[in-house]
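Summary of the model geometry
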Amino acid sequence: RILLVLNGPNLNLLGTREPEIYGHDTLADVEALCRDAAAAAGYGLEFLQSNHEGVLIDAIHAARGTIAGIVINPGALTHTSIAIADALSGVELPVIEVHISNVHRREEFRHHSFVSAVATSVVIGAGVNGYRLAIEQLAYLGV
Ligand code: DQA
């Protein structure tokens, strides 16, 4: 069984982008962490980052029938994209939404997520360990 980890815009800059908010780990570190957590729980893993909303939507559509569960950090698209939320509900897979930072401690515009309304579970403010928690949550759900 294979899990899909998706990362949205600007997460390619992890490690150098506002490290006081997002920490010093890079996206490659996050991928290694995810591969480790997935293997420990007995899953294979696909890992994708894109700065393009449509690429993320296409990956969500392609997950149908091939992927057991999705972990997604949609970046700023969290707060703007009904299209990503619609894609996630359309494929009817378990979805764990991850935010590295505690978005509720930050600007008001980060407090609303279109994705939370369609997510199975949400992990917020746990740093990059949130990705591990999300993978463990999919295992807990028995996907
Ligand atoms: C983020 C929070 C979003 O508000 C922001 O736009 C991001 C990263 C997080 O992981 O904390 O790009 O999703």
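Residue positions are given per chain, counting from 1 as you read along its sequence in written order. In keeping with the model being predicted, local features are shown solely for residues with a pLDDT of at least 70 and side-chain atom pairs are shown and tallied solely at 80 or more, while totals for entire chains, interfaces and linings include all residues.

To continue, consider unusual backbone geometry. Positive phi is not limited to glycine here, since Asn10 has a value of about 75°. By the element assignment, Asn10 lies in the loop between strand 1 (2-7) and helix 1 (19-22). Judged by the 15 C-beta atoms lying within 10 Å of it, Asn10 falls in the partly exposed class. Although it is not a glycine, Glu92 sits at a positive phi angle of roughly 55°. For the purposes of this entry, the term helix denotes a DSSP run of H or I that reaches at least four residues, the term strand denotes a run of E that reaches at least two, and both are numbered from the N terminus. Put simply, a residue is buried when 20 or more other C-beta atoms lie within 10 Å of its own C-beta and exposed when 12 or fewer do; between those, it is partly exposed, and each C-beta is set from the backbone.

UniProt positions are given in the numbering used here, feature names are shortened, and annotations may be inferred rather than shown by experiment. Mapped onto the present numbering, the UniProt feature "active site" (unreviewed entry) falls at Tyr22 and His99. What stands out for the annotated residues spanning 78 residues is how close their C-alpha atoms remain, the widest pair being 9.5 Å apart. Looking at the secondary structure, you find Tyr22 in helix 1. Those residues within four positions of Tyr22 in sequence are excluded, and the remaining contacts are Leu14, Arg17, Ile100 and Ser101. For His99, the location among the structural elements is in strand 4 (residues 95-99). Residue His99 is classed as buried on the basis of its 24 C-beta neighbours within 10 Å. What counts as a contact here is a pair of residues whose C-beta atoms, placed from the backbone, lie within 7 Å.

Residues spaced three or four apart along an α-helix point in a common direction, a consequence of the helix completing one turn every 3.6 residues. Between the first and last C-alpha of helix 5 (residues 129-141) there are 18 Å, a value that for 13 residues agrees with the 18 Å anticipated at 1.5 Å per step. Residues Gly130, Tyr131, Arg132, Ala134, Ile135, Gln137 and Leu138 constitute the buried set of helix 5. A positive phi of about 75° marks Gly142, the residue just after helix 5. The span you would expect from a helix comes to 1.5 Å times its residue count less one.

To continue, consider the site of the ligand. By convention here, the C-beta atom is placed from the backbone, and a residue is near a molecule or strand when that atom is within 6 Å of it. Inspection of the region around the ligand gives Asn10, Asn73, Gly75, Ala76, Thr78, His99, Ile100, Ser101, Val103 and Arg110 as its neighbouring residues. Throughout this entry, Asp, Glu, Lys and Arg are counted as charged residues, while Ala, Val, Leu, Ile, Met, Phe, Trp, Tyr, Cys and Pro are counted as nonpolar. The remaining residues, Gly among them, count as polar. Of the residues contributing to the shell around the ligand, the split by class is 3 nonpolar, 6 polar and 1 charged.

Looking now at the UniProt feature "binding site: substrate" (unreviewed entry) in the chain. In this structure's numbering, the residues bearing the UniProt feature "binding site: substrate" (unreviewed entry) are Asn73, His79, Asp86, Ile100, Ser101 and Arg110. What stands out for the annotated residues spanning 38 residues is how far apart their C-alpha atoms range, the widest pair being 24.0 Å apart. By the element assignment, Asn73 lies in strand 3 (residues 69-73). The buried category is assigned to Asn73, around which 25 C-beta atoms lie within 10 Å. Not counting the four nearest positions on each side in its chain, Asn73 is found in contact with Asn7, Gly8, Leu11, Val98, His99 and Ile100. Relative to the assigned elements, Arg110 resides in the loop between strand 4 and strand 5 (121-124). When sequence neighbours within four positions are dropped, the list of residues in contact with Arg110 reads His79 and Val103.

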